[in-house]
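# Examination of the molecular architecture
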Amino acid sequence: MGFKYSVVMMTYNQQEFVGEAISAILAQECAPLEILISDDCSTDETWSRIDESVRGYSSPHRVILNRNPMNMGITAHLNACFRKCSGELVIAASGDDVSMPGRIARIIAAHQKDRPLLIHSRVDSATLNGGVRDPRFDRIGLLRRPRLEQIATSMSLYIGATAAWDREIVTKYGDLPERDCYEDLIFGFRAALEGRVAFIDEELVQYRVGHGVSTLRREGFSRQDWSRDRRKDLRRTLTVLGERLRNARTFGLDDRHPVTIAIRRALALAQARLNLHEVRADRRPVPGLARGATYLRALLGELFSYRNARRRSL
């Protein structure tokens, strides 16, 4: 039996929080759900906590458990989860956040109304973080209603923990790149391309800051660490922009369209910035005619990045 609505909860080393996250999903009052809880080979007690949380549960929702034999990483894991679930609407639920009562029902209603490719909402950033609200989440990407050219080069579009996606976002455009990528940066652009983004102006998720599967912690600061982090960030930027360019062409935009021009310029700048951190043998050509101006912008950008990183470390 297939389900119209699937919840996908991906977990990794979230033993302290996963029980509460699962309880919040099981308690949702809505149409019957297929709930896939998929652990990416956690090294702590996350899997046993998952088993404890669902043991004895029967209805109204169907629970499916999956444990990866080896760690896949975020995007490869999500690609696999799309194949394992059956819903035409796939609703994300993080293993360290808490879905508010009524969250799934509100998402389903939004999907039934207009069939958007992406549905997202606000978060409560205070409750799980000492009662202190984080204003960054009130200004994120799509909430500012940017033009499509701006969305095409932005590295902040929506809060992934709030998302739900129509399956067409994958069947039309394909799987996510499985390295150097985050799903929100790809799915957000695909949905914006189609003009099919729905925003629910409510805090539907209690969001935990600093504990997600993509969180990286490092104490102290050194130029070597900064340069290593910049290489990682810039490779991710190149992957995201390359996928967005492919998606724009799939949608039907040619290379003269302002969106594809913006993406190609951003690709050239990102490659120039990455080259500043690479040994000569690993540098790649920078496309475009104005290479000198591109490298000047790249140099200034990396100088500002280094200055800001040092300031944050003090």
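Here goes a summary of the coordinates provided. Along each chain, the written sequence defines residue order, and numbers are assigned to residues from 1. With the structure being a predicted model, the display of local features is reserved for residues of pLDDT at least 70 and the display and counting of side-chain atom pairs for 80 or more, all residues being used for whole-chain, interface and lining totals. As a rule here, side-chain values come from all non-hydrogen atoms in the structure, and water together with hydrogens is ignored.

### Here's the deal with the sheet that holds strand β2 (residues 34-39)
Two strands make a pair as long as DSSP finds a minimum of two bridges between them. Secondary structure counts use DSSP, requiring at least four H or I residues in a row for a helix and at least two E residues in a row for a strand, with both numbered from the N terminus. The eight strands lie next to each other as β3-β2-β1-β4-β7-β6-β8-β5, forming an open sheet whose pairing is mixed. Only two strands of the sheet have a single partner each, and these edge strands are β3 (62-67) and β5 (98-99). Sheet topology places strand β6 (residues 118-124) next to strand β8 (residues 197-206); seven bridges connect them, and they run parallel. Pairing of V123 across the sheet is with V205, part of β8. Between two residues, a contact is recorded if the distance between any of their heavy atoms is within 4.5 Å. Axis definition: a line fitted to C-alpha atoms, limited for helices to the stretch in contact. Angles are taken between N-to-C directions and run from 0 to 180 degrees. Lying on the sheet, helix α1 (residues 18-26) is in contact with β1 (5-11), β2, β3 and β5; it crosses β1 at an angle near 175°.

### Brief notes about the side chain of N66
Within the element layout of this structure, N66 appears in strand β3. Apart from the residues within four sequence positions on either side, N66 is in contact with L36, I37, S38, D39, W47 and K84.

### As for the environment of V98
Topologically, V98 is positioned in strand β5. Among the residues examined, V98 registers a relative accessible area of 9% and is labelled buried. Here V98 is in contact with E20, A24, L128, L204, V205 and Q206, once residues within four sequence places are set aside. Exposed residues in this analysis have more than 50% of their type's maximum accessible area, buried residues have under 20%, and partly exposed residues fall in between, with area computed by a 1.4 Å probe over protein chains only.

### Quick look at the pattern of salt bridges
Note on definitions: salt bridges are taken to be side-chain nitrogens of Lys or Arg within 4 Å of carboxyl oxygens of Asp or Glu. Throughout the structure, instances matching the rule amount to 23 salt bridges. With a shortest N-O distance of 3.6 Å, E149 and R147 are connected by a salt bridge. Shared partners join several salt bridges into a network, and the residues in it are R122, R133, D138, D201 and E203.

### Things to note about the pairing of β8
The pairing of β5 with β8 spans two bridges and is classified as antiparallel. Each residue of the ladder has a partner; that of V98, found in β8, is Q206.

### A few points about the packing of aromatic side chains
Aromatic contacts are taken between Phe, Tyr and Trp rings whose centres are within 6.5 Å, Trp giving its six-membered ring; a plane angle under 30 degrees counts as stacked, one over 60 as edge-to-face, and the others as tilted. In this structure the tally under the stated criterion is five aromatic pairs. Put simply, a charge is over a ring when the Lys NZ or the Arg CZ is close to the ring centre, within 6 Å, and near the line of the ring normal, within 35 degrees. Directly above the aromatic system of Y306 lies the positively charged group of R223, at a separation of 4.8 Å from the ring centroid.

### Looking at helix α3 (residues 74-84)
Given 3.6 residues per helical turn, the α-helix brings residues three or four places apart onto the same face. Here α3 lies mainly inside the structure; eight of its eleven residues are buried. Along α3, the residues classified as buried are T75, A76, H77, L78, N79, A80, C81 and F82. If you follow the buried residues of α3, they end up packed against β1, β2, β4 (89-92), β7 (164-166), α6 (168-171) and α7 (183-194).

### Here's the deal with the packing of α1 against helix α2 (residues 46-54)
For the pair α1 and α2, interaxial distance at closest approach is 9 Å and the crossing angle is 30°. Crossing angle aside, the handedness with which α1 passes α2 is right-handed. Contact residues: α1 offers V18, G19, I22 and L26, while α2 offers T46, R49, I50, S53 and V54. In terms of residue class, the contact of α1 with α2 is built from five nonpolar, three polar and one charged. Here is the rule for handedness: rotate from the far helix to the near one, and if that takes an anticlockwise turn smaller than a right angle the crossing is left-handed, while a clockwise turn gives right-handed. Side-chain classes follow a simple rule in which Ala, Val, Leu, Ile, Met, Phe, Trp, Tyr, Cys and Pro form the nonpolar group, Asp, Glu, Lys and Arg form the charged group, and the remainder, Gly included, forms the polar group.

### Quick notes on helix α10 (residues 291-313)
By this rule the span expected of a helix is its residue count minus one, scaled by 1.5 Å. Under the 1.5 Å per step criterion, the end-to-end length of α10 is 33 Å for 23 residues, consistent within 8% with the ideal 33 Å. Here α10 has its buried residues at T294, A298, G301, E302, S305, Y306 and A309. In this structure, the buried residues of α10 make contact with α8 (223-251) and α9 (258-275).

### Concerning the side chain of R190
Take R190: it is sitting in helix α7. Discounting residues that sit within four places of it in the chain, R190 has contacts with L117, I169, V170, Y173, G174, D175, E243, R246 and N247.

### Re a nonpolar patch on the surface
Two joining distances apply to patches: 9 Å for like charges and 5 Å for nonpolar side chains (Val, Leu, Ile, Met, Phe, Trp, Tyr), and every residue must have over 30% relative accessible area and no salt bridge. Computed with the Shrake-Rupley method and a 1.4 Å probe, the accessible areas treat only the protein chains shown as cover for residues. A cluster of nonpolar side chains, L276, Y295, L296, L299, L300, L303 and F304, forms an exposed patch at the surface whose accessible area comes to about 640 Å². Mapped onto the elements, L300 comes out in helix α10. For L300, a relative accessible area of 42% corresponds to the partly exposed category.

### A look at the pairing of β4
What you see with β4 is no split at all: L89 and I91 on one side and V90 and A92 on the other are buried throughout. Pairing of β1 with β4, which is carried by four bridges, proceeds in the parallel orientation. If you follow V8 over to β4, its bridge partner there is A92. With three bridges joining them, β4 and β7 adopt antiparallel strand pairing. For I91, the partnering residue across the bridge sits in β7 and is A164.

### Focus on the nonpolar core
Joining through side-chain atoms within 4.5 Å is the link that ties buried Ala, Val, Leu, Ile, Met, Phe, Trp, Tyr and Cys residues into a set, and such a set is a nonpolar core. One finds Y158, W165, F187, F189 and I263 to be the most contacted residues of the largest nonpolar core, which totals 43 residues. The set of elements that each furnish at least two residues to this core consists of β1, α3, β4, α5 (148-153), α6, α7, α8 and α9. Sorting elements by how many residues they give to this core places α7 first, with seven residues. If we ignore the near neighbours within four places in the chain, the residues touching F189 are L148, I151, A152, L157, R244, N247, A248, V259 and I263. Core analysis: the second largest hydrophobic core is formed by 25 residues, L26, I35, I107 and I119 among them.

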